[in-house]
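Letter by letter, the chains look like this.
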Amino acid sequence: MPAESPQPAGTSHRFRDHAAGARAGVRDLYRQNHAGQTLAFVRGRKTAYLPPRRRRMGVWEASEALSTFVDASDPDLTLPQLDHAFQTAESLRAAGKPEWMVLVGLLHDLGKVLHLFGEPQWAVVGDTFPVGCAFSERIVHAELFADNPDTRNPVYSTRLGIYTPGCGLDRVHFSWGHDEYLFQVLKDYLPEQAAYVIRYHSFYAGHSGGAYDFLLDGPDRRLMADLREFQPYDLYSKGATPPDRQALRPRYEDLVARYLPDALWW
């Protein structure tokens, strides 16, 4: 089973500590998430939002919408998501990672602009997981799925559910949130591996826990290596000190412009 990337030496903070009381409200958010993320809900959100056609915005306008947005599911960070974006990108850049991965570091959580359209945080943030089949015990707070009606469906509660072995994650419905939404916004502009990392970066039960391996196809197994390379920089770049947004933005404006148009449909 793939293990979560080791915490850097000398780091005292315990990351992804979802124990009760780790951060007020995290468990309550997952209680709502795990009860509400049914296959029917996911299909309904996809019908409502895809293809993205609600608003035209550039990357920087969308980024400003996250300048005060704090992810209520994150036990490690209380800074706004725009700060986290710069922290992640800078961590990847300092490590000499490829340009596309640095760009993903900046963009990966931009799908949280879903909150602009009135979506509750439990349908925007948090770890993602397949729906339409049994929920893995490796999903964070898996015990809270007891209130999800799909656990009592004779098909959706089975190991394979509505899927077939090796069908590929692109044929799997995931819990609705910022990953899939942003993938749909950006998929026509980014390299394959960049789009894949954006789509599944919150799928911790899979890329760090080894769950749902029976659904992966050949492309998944190839691209999962990029996802696992990216993951530690998303997680371990988090810190309490806000980055200097004004100083950093010019560094990334040219990078964004090389890959993306001035405006996108959201």
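Check the entry above for the structure.
Residues numbered from 1 in each chain as written. Predicted model: local features only at pLDDT ≥ 70, side-chain atom pairs only at ≥ 80, totals over all residues. Heavy atoms only, no water.

Chemist: Give a description of the overall build of the protein chain that names residues and reports values.
Modeler: Helices and strands together make up the secondary structure of the protein chain, namely 10 helices and 2 strands. From first element to last, N terminus to C terminus, the protein chain shows the α and β order α-α-β-α-α-α-α-α-α-α-α-β. By the compact-globule yardstick of 18 Å for 266 residues, the protein chain fits well, its C-alpha radius of gyration being 18 Å. Principal-axis analysis of the C-alpha atoms gives the protein chain an extent of 55 × 45 × 35 Å. (Helix = DSSP H or I, 4+ residues; strand = E, 2+ residues; numbered from the N terminus. Rg over C-alpha atoms; globule rule 2.2 N^0.38 Å.)

Chemist: Explain the packing of helix α4 (residues 81–94) against helix α5 (residues 99–107) to me, using residue names and the numbers behind them.
Modeler: It is at 7 Å that the axes of α4 and α5 come closest, and there the two elements cross at 165 degrees. Considered as vectors, α4 and α5 are oriented roughly antiparallel to each other. The handedness of the crossing between α4 and α5 is right-handed. Contact with α4, carried on its side by Ala85, Phe86, Thr88, Ala89, Leu92 and Arg93, involves Met101, Val102, Gly105 and Leu106 of α5 and no other residues of that element. (Axes fitted to C-alpha atoms, helices over the stretch in contact; angles between N-to-C directions. Parallel < 35°, antiparallel > 145°, perpendicular 65-115°, else oblique. Left-handed = near helix turned anticlockwise from the far one by under 90°. Contact = heavy atoms within 4.5 Å.)

Chemist: Could you give an account of the side chain of Ser175, with specific residues and numbers?
Modeler: By the secondary structure assignment, Ser175 is in the loop between α5 and α6 (178–186). Residues contacting Ser175, with those up to four places away along its chain left out, are Gln37, Val42, Asp127, Thr128, Phe129 and Val131.

Chemist: Quick rundown of the side chain of Gln81? Include the residues and the values.
Modeler: By secondary structure assignment, the location of Gln81 is in helix α4. Taking the relative accessible area as the measure of exposure, Gln81 reaches 2% and is therefore buried. In terms of polar contacts, Gln81 uses its side chain to reach the side chain of Lys112, at 2.6 Å. In this structure, Gln81 is in contact with Leu66, Phe69, Asp71, Asp109 and Lys112, ignoring residues within four places of it in sequence. (Buried < 20%, exposed > 50% of the residue type's maximum accessible area, 1.4 Å probe, protein only. Polar contact = N/O pair within 3.5 Å; in protein donor to acceptor, adjacent residues only side chain to side chain.)

Chemist: Tell me what's going on with the pattern of salt bridges, and back it up with residues and numbers.
Modeler: Following the criterion strictly, the structure yields 17 salt bridges and no others. One salt bridge in this structure joins Asp74 and Lys238, with 2.8 Å as the shortest N-O distance. Taken as a pair, Asp74 in the loop between α3 (59–64) and α4 and Lys238 in the loop between α9 (218–236) and α10 (245–259) lie far apart in primary sequence, 164 residues in all. Like Lys238, Asp74 is buried. With a closest N to O distance of 2.8 Å, Arg251 and Glu90 form a salt bridge. Pair noted here: Arg251 is in helix α10 and Glu90 is in helix α4, with a separation of 161 residues, a long-range link. For Arg251, a relative accessible area of 44% corresponds to the partly exposed category. (Salt bridge = Lys/Arg side-chain N within 4 Å of Asp/Glu carboxyl O.)

Chemist: Kindly report on the nonpolar core, identifying the contributing residues and their values.
Modeler: Counting 72 residues, the largest nonpolar core has Leu106, Leu169, Leu186 and Trp266 as the members making the most contacts within it. Contributions of two or more residues to this core are made by α2 (39–49), α3, α4, α5, α6, α7 (192–200), α9 and α10. Residues contacting Leu169, with those up to four places away along its chain left out, are Phe174, Tyr196, Tyr200, Phe203, Leu215, Leu216, Asp220 and Met224. (Core = buried A, V, L, I, M, F, W, Y, C linked by side-chain atoms within 4.5 Å.)

Chemist: Before we move on, can you summarise α5 with the specific residues and values?
Modeler: The α-helix winds at 3.6 residues per turn, so residues separated by three or four positions along the chain end up facing the same way. Of all 9 residues in α5, 8 are buried, a share of seventy percent or more. Taken together, the buried positions of α5 are Trp100, Met101, Val102, Leu103, Val104, Gly105, Leu106 and Leu107. Where α5 is buried, its residues touch α3, α4, α6, α7, α9 and α10.

Chemist: How would you summarise the packing of aromatic side chains if you had to cite specific residues and measurements?
Modeler: Inspection of every chain in the model, using the stated rule, returns 16 aromatic pairs. Note on Phe174 and Tyr200: the rings are 5.3 Å apart at their centroids and 55 degrees apart in plane angle, and the pair reads as tilted. One end of the pair, Phe174, is in the loop between α5 and α6; the other, Tyr200, is in helix α7, and 26 residues separate them in sequence. The rings of Phe174, Tyr196, Tyr200, Phe203, Tyr212 and Phe214 are connected pair by pair, giving a single aromatic cluster. When the ring centre of Tyr49 is taken as origin, the NZ or CZ atom of Arg54, which lies over that ring, is 4.0 Å away. (Phe/Tyr/Trp six-rings, centres within 6.5 Å; stacked < 30°, edge-to-face > 60°. Lys NZ or Arg CZ within 6 Å of the ring centre and 35° of its normal.)

Chemist: Go over unusual backbone geometry with me, naming the residues and quoting the values.
Modeler: Cis rather than trans, the peptide bond between Leu50 and Pro51 has omega equal to -5 degrees. Structurally, the position occupied by Pro51 is in the loop between α2 and β1 (56–57). With phi around 60 degrees, Tyr212 is a residue other than glycine that occupies positive phi space. With respect to the helices and strands, Tyr212 occurs in the loop between α8 (204–207) and α9.

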